[in-house]
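Given next are the chains, with one letter for each unit.
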Amino acid sequence: MSDFVIPLPSVATIPVSSGGVFPVRRVYCIGRNYAAHAIEMGHDPDREAPFFFQKNPNNLDASGEFPYPPHTSDVHHEAELTVVLKSGGKNIPVESALDHVYGYALSLDMTRRDLQGEMKKAGRPWEIGKAFERSAPIGPIHTVAEVGHLDTGAITLKVNGELRQEGDLNQLIWKTPEMISYLSEYFELAAGDVIMTGTPSGVGPVVKGDVMDIEIAGLGNMTVTVT
């Protein structure tokens, strides 16, 4: 007999390319982590410490479809490399941070830019612009054993075949080991944690019917249709 007073919510998962599913505990997103995108958003990349916001585990969606959300007329694509952890801890040294990585995935941080902008002006949290349903389309996880650690390689996003975003993972201001180490100073990381690492410049709006294609060297590509 269960002590739960309501039905237990389902566990959010991400498919793994080699089989099985990865259970998600938390989702951390780093902001403005490519210099050109920081400049694009009106900030100085050389003077900012890393900052993070969170999405909800069930915002991750591997269906290949992105339903256009309500209460917005300006939804932007942000192509990102996602890192998933098999272990964690507190105050993890940079030198050993990659030991905690299970694998990597293609992802999109879809953003209600108009609502995010309103929250910025009011000095309020961004969740209404970032953490809505199915706001994080994601591809299957490729394990470290399969692809190694990704610290260089092209990242691109096309909308209806038109190149919108283009960068290289070596342009990340804060590299994956540094992100893991920094986060672990403020949170106790654990298996199941997901880190979305930021987006190159070229973010822009999508509308219903658009087809987004993200590609990262070593991970292949992912296609997501706006419905």
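Details of the structure are given in the entry above.
Residue positions are given per chain, counted from 1 along the sequence in the order it is written. Given that this is a predicted model, residues contribute local features only at a pLDDT of at least 70 and side-chain atom pairs are listed and counted only at 80 or more, while totals for whole chains, interfaces and linings are drawn from all residues. Hydrogens and water molecules were not included; the side-chain quantities draw on all heavy atoms of the structure.

Draft legend 1. Structural detail: empty space enclosed by the protein. Residues are said to line a cavity or pocket when one of their atoms sits within 4 Å of a point; the points come from a 1 Å grid over protein atoms alone, cavities being sets where a 1.4 Å probe fits but cannot get out and pockets being open sets with protein on both sides within 12 Å along at least five of seven lines. Grid points are joined across faces, edges and corners, and a volume is the space filled by probe spheres set on the points. Under the counting rule described, the total for this entry stands at 2 cavities of 30 Å³ or more. Estimates place the volume of the second largest cavity at around 60 Å³. For the second largest cavity, the lining is made up of 11 residues, of which Gly31, Arg32, Glu48, Ala49 and Trp174 are closest to its centre. Residue composition of the lining of the second largest cavity, by class: 7 nonpolar, 2 polar and 2 charged. Each residue is assigned to one of three groups, with Ala, Val, Leu, Ile, Met, Phe, Trp, Tyr, Cys and Pro labelled nonpolar, Asp, Glu, Lys and Arg labelled charged, and all others, Gly among them, labelled polar.

Draft legend 2. Here's a closer look at the sheet that holds strand 7 (residues 75–77). Strand pairing follows a simple DSSP-based rule, namely that at least 2 bridges must link the two strands. Only runs of H or I of at least four residues qualify as helices and only runs of E of at least two qualify as strands under DSSP, and these elements are numbered from the N terminus. Strand order across the open sheet formed by 3 strands is 10-7-16, with antiparallel pairing between neighbours. Looking at strand neighbours, the two that pair on one side only are strand 10 (111–112) and strand 16 (204–206), the edges of this open sheet. Inspection of the sheet shows strand 7 paired to strand 10 by 2 bridges, in the antiparallel sense. Looking at strand 10, one finds that His76 is bridged to Thr111.

Draft legend 3. Main features of the pairing of strand 8 (residues 79–85). Relative accessibility thresholds used throughout: buried, under 20% of the residue-type maximum; exposed, over 50%; partly exposed, between the two (1.4 Å probe, protein chains only). The buried fraction of strand 8 is high, at 7 of 7 residues. Of the two faces of strand 8, the one carrying Ala79, Leu81, Val83 and Leu85 and the one carrying Glu80, Thr82 and Val84 are both buried. The sheet contact formed by strand 8 and strand 15 (residues 193–196) spans 3 bridges and is antiparallel. Across the sheet, the residue bridging to Val84 is Val194, located in strand 15.

The values reported here are purely geometric and, on their own, carry no functional implication.
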